[in-house]
Amino acid sequence: MQIEIDFESDEALYIQLRNQIIYGIATRQYQEGDSLPSVRQLAEAIGINMHTVNKAYAVLRQEGLIRLDRRTGAVIALNIDRLKAMEEMKAQLRLAIARGLCKGISREEIHALVDEIFSEYL
């Protein structure tokens, strides 16, 4: 598991960890049913507190991306409701696009950015 944490970033460590796992799922580095390292293993491997890993795993579970089980640990389980996911993405995109428009980014530039980012996951 390739996880890169920036200890100098203002972004919380658990959010960075969560995001790295999401990127791994999106790029098919992690597949449905794959086990993630135990909290202890991952904390030791990247040099962070176990509570930080626990928090990241809890957020991923709430988002419907992993399943937590005392016997099998954290397992990729992509059971999120597609319609709910679309609504959440729409809300996030709405704000991101509004920010871009405030900075003078055009519709064509926004579309090009979306296409560029999307192609990174293919």
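Here, the structure is the one placed above.
Residues numbered from 1 in each chain as written. Predicted model: local features only at pLDDT ≥ 70, side-chain atom pairs only at ≥ 80, totals over all residues. Heavy atoms only, no water.

All right, on to a nonpolar patch on the surface then. A cluster of nonpolar residues, Met-89, Leu-93, Ile-97 and Leu-101, forms a patch on the protein surface that exposes about 350 Å² of accessible area. Here Ile-97 shows up in helix α4 (residues 82-102). The class for Ile-97 is partly exposed, based on a relative accessible area of 34%. (Patch = residues over 30% accessible without salt bridge, like charges linked within 9 Å, V, L, I, M, F, W, Y side chains within 5 Å. Areas by Shrake-Rupley, 256 points an atom, 1.4 Å probe, with all protein chains shown as cover. Salt bridge = Lys/Arg side-chain N within 4 Å of Asp/Glu carboxyl O. Helix = DSSP H or I, 4+ residues; strand = E, 2+ residues; numbered from the N terminus. Buried < 20%, exposed > 50% of the residue type's maximum accessible area, 1.4 Å probe, protein only.)

The next point concerns the packing of helix α2 (residues 39-46) against helix α3 (residues 50-62). Between two packed helices, what matters for the description is the angle formed by their axes and the separation of those axes. Put simply, α2 and α3 touch, their axes get as near as 8 Å, and they point 120° apart. Considering the angle they form, α2 stands oblique to α3. Crossing handedness for the pair α2 and α3: right-handed. Residues Val-39, Arg-40, Leu-42 and Ala-43 of α2 pack against Met-50, Val-53, Asn-54 and Tyr-57 of α3. Here the contact of α2 with α3 is composed, by residue class, of 6 nonpolar, 1 polar and 1 charged. (Axes fitted to C-alpha atoms, helices over the stretch in contact; angles between N-to-C directions. Parallel < 35°, antiparallel > 145°, perpendicular 65-115°, else oblique. Left-handed = near helix turned anticlockwise from the far one by under 90°. Contact = heavy atoms within 4.5 Å. Nonpolar A, V, L, I, M, F, W, Y, C, P; charged D, E, K, R; others polar.)

This model, assessed by the stated rule, comprises 0 aromatic pairs. The ring of Tyr-14 has Lys-55 sitting right over it, with the charged end atom 4.3 Å from the ring centre. (Phe/Tyr/Trp six-rings, centres within 6.5 Å; stacked < 30°, edge-to-face > 60°. Lys NZ or Arg CZ within 6 Å of the ring centre and 35° of its normal.)

Unlike most non-glycine residues, Arg-28 shows phi in positive territory, near 65°. As for its placement among the helices and strands, Arg-28 is situated in the loop between α1 (13-26) and α2.

Okay, the nonpolar core next. Of all hydrophobic cores here, the largest spans 20 residues; its most connected members are Ile-3, Leu-17, Ile-21, Val-53 and Tyr-57. Listed by contribution, the elements that provide at least two residues to this core are α1, α2, α3 and β2 (73-76). (Core = buried A, V, L, I, M, F, W, Y, C linked by side-chain atoms within 4.5 Å.)

Sheet topology places strand β1 (residues 66-69) next to β2; 4 bridges connect them, and they run antiparallel. Paired with Leu-68 across the strands is Ala-74, a residue of β2. In sequence, β1 turns back onto β2 through a hairpin of 3 residues. (Pairing = 2+ DSSP bridges.)

Under the criterion given, the structure shown has 2 salt bridges. As a salt-bridge pair, Glu-63 and Arg-18 come within 2.9 Å of each other at their nearest N and O atoms. Here Glu-63 is found in the loop between α3 and β1, whereas its partner Arg-18 is found in helix α1, with 45 residues between them in sequence. On the accessibility criterion, Glu-63 (25% relative accessible area) is partly exposed. On the accessibility criterion, Arg-18 (17% relative accessible area) is buried. Note that Asp-69 and Arg-71 form a salt bridge whose closest N and O atoms lie 3.5 Å from each other.

Before going further, it helps to spend a moment on the environment of Ala-45. Structurally, Ala-45 can be placed in helix α2. Sequence spacing of Ala-45 and Thr-72 is 27 residues, and the spatial spacing of their C-alpha atoms is 19 Å.

Our focus in this paragraph is the side chain of Asn-19. Mapped onto the elements, Asn-19 comes out in helix α1. Only 2.5 Å separates the side chain of Asn-19 from the side chain of Arg-18, close enough to count as a polar contact. (Polar contact = N/O pair within 3.5 Å; in protein donor to acceptor, adjacent residues only side chain to side chain.)

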